[in-house]
Amino acid sequence: MIKVALSAAALVLAMPVAAQDAVPDLSGFWGPDFVTDTSIRMPDLLAKLPADAVLIEDAGAAEFPRGEFGGLVLTPDAAAHAETWNAEQDMAIDRVCLPPSIVYGVQGPFPFEVHQTPTLIVFKYEYFDQVRLIHMDGRAVPENVPLSKVGYSVGHWEGEDLVIETSRIAASTITNNGLDHTDGIVMVERYRKSEDGTRLHATQWFRDRAVLETDGARYLTWTARPGQYVYPYECDPSFALEYAQVDGE
């Protein structure tokens, strides 16, 4: 899949400047879209997901309860690990401000900004102040690039779709309830604006055979909110103490 992405990106670089300028402009502020009406989804965008990928429905503020993974099939080791999870562990004062990886973070109920150039696209998230660099110049993933929660992303255009492949993602959570991925996970996303430009649609696909026997996928949408900007997240670990008091009552 990486070879396919790089080949497509090389074709983009070979196009005349005017043709490259014709790609969609995703720049701007995109706010969380809490619409639950699945009829707004783009069927052809869904059709580009692998046929056997399990589409999980956990986008937004709602999260799966303990033991529920949206239809994903866990490996025996991953299932055993998930059995040991409890929310109090993640809400401890030494962990409450640890950011999740982008595998989980991209579906959260927070806005993000897109800053777009022909060779680099920047995603600036409000959630944990994370920033992603999407390299659009046809480069390969460097062998010595360090692991990080946002990974290393290379992208290309396929018609109206921005296609992003991300690897080198540090181990973290997939569903925030005990299903954790390894640093071998690979994620592919497709982003497309609606015809009127008011909504951004995306699919997210991920594979990690160390913890999942099935591929996973999500369908995500955001709404354009011109003139707005993300705010600093500024996670305060003392929130864990408040959580402990509430939970103990």
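These notes cover the structure that comes with them.

Calculation rules
Residues numbered from 1 in each chain as written. Predicted model: local features only at pLDDT ≥ 70, side-chain atom pairs only at ≥ 80, totals over all residues. Heavy atoms only, no water. Buried < 20%, exposed > 50% of the residue type's maximum accessible area, 1.4 Å probe, protein only. Helix = DSSP H or I, 4+ residues; strand = E, 2+ residues; numbered from the N terminus. Pairing = 2+ DSSP bridges. Salt bridge = Lys/Arg side-chain N within 4 Å of Asp/Glu carboxyl O.

1. Some points on the pairing of strand β11 (residues 199-207)
Then, number 1: When you tally the buried positions in β11, you get 7 out of 9 residues, the bulk of the element.
Then, number 2: Bridge analysis of strand β10 (residues 186-193) against β11 gives 8 bridges, and the strand direction is antiparallel. Among the inter-strand pairings, Tyr-191 is bridged to a residue of β11, identified as Ala-202.
Then, number 3: With antiparallel pairing between neighbouring strands as the criterion, β10 and β11 make up a hairpin whose turn holds 5 residues, including Gly-197 at a positive phi of roughly 75 degrees.

2. Some words on the pattern of salt bridges
Then, number 1: Overall, the coordinates contain 12 salt bridges when judged by the stated rule.
Then, number 2: Linking Asp-161 and Lys-48 is a salt bridge whose minimum nitrogen-to-oxygen distance equals 2.9 Å. Here Asp-161, found in strand β7 (residues 161-167), pairs with Lys-48, found in the loop between α3 (43-47) and β2 (54-55); they are 113 residues apart in sequence, far enough to count as distant.
Then, number 3: Look at Lys-48 and you get partly exposed, because its relative accessible area is 41%.
Then, number 4: Notably, a salt bridge pairs Arg-218 with Asp-58, separated by 2.7 Å at the nearest N-O pair. Remark: Asp-58 occurs in the loop between β2 and α4 (76-83) and Arg-218 occurs in strand β12 (residues 216-224); sequence separation between them is 160 residues. Accessibility classification places Arg-218 together with Asp-58 in one group, the buried group.
Then, number 5: In the salt-bridge network here, residues are joined through shared partners; they are Asp-44, Lys-48, Glu-158, Asp-161, Arg-190 and Arg-192.

Purely geometric stuff here, so don't read any function into it on its own.
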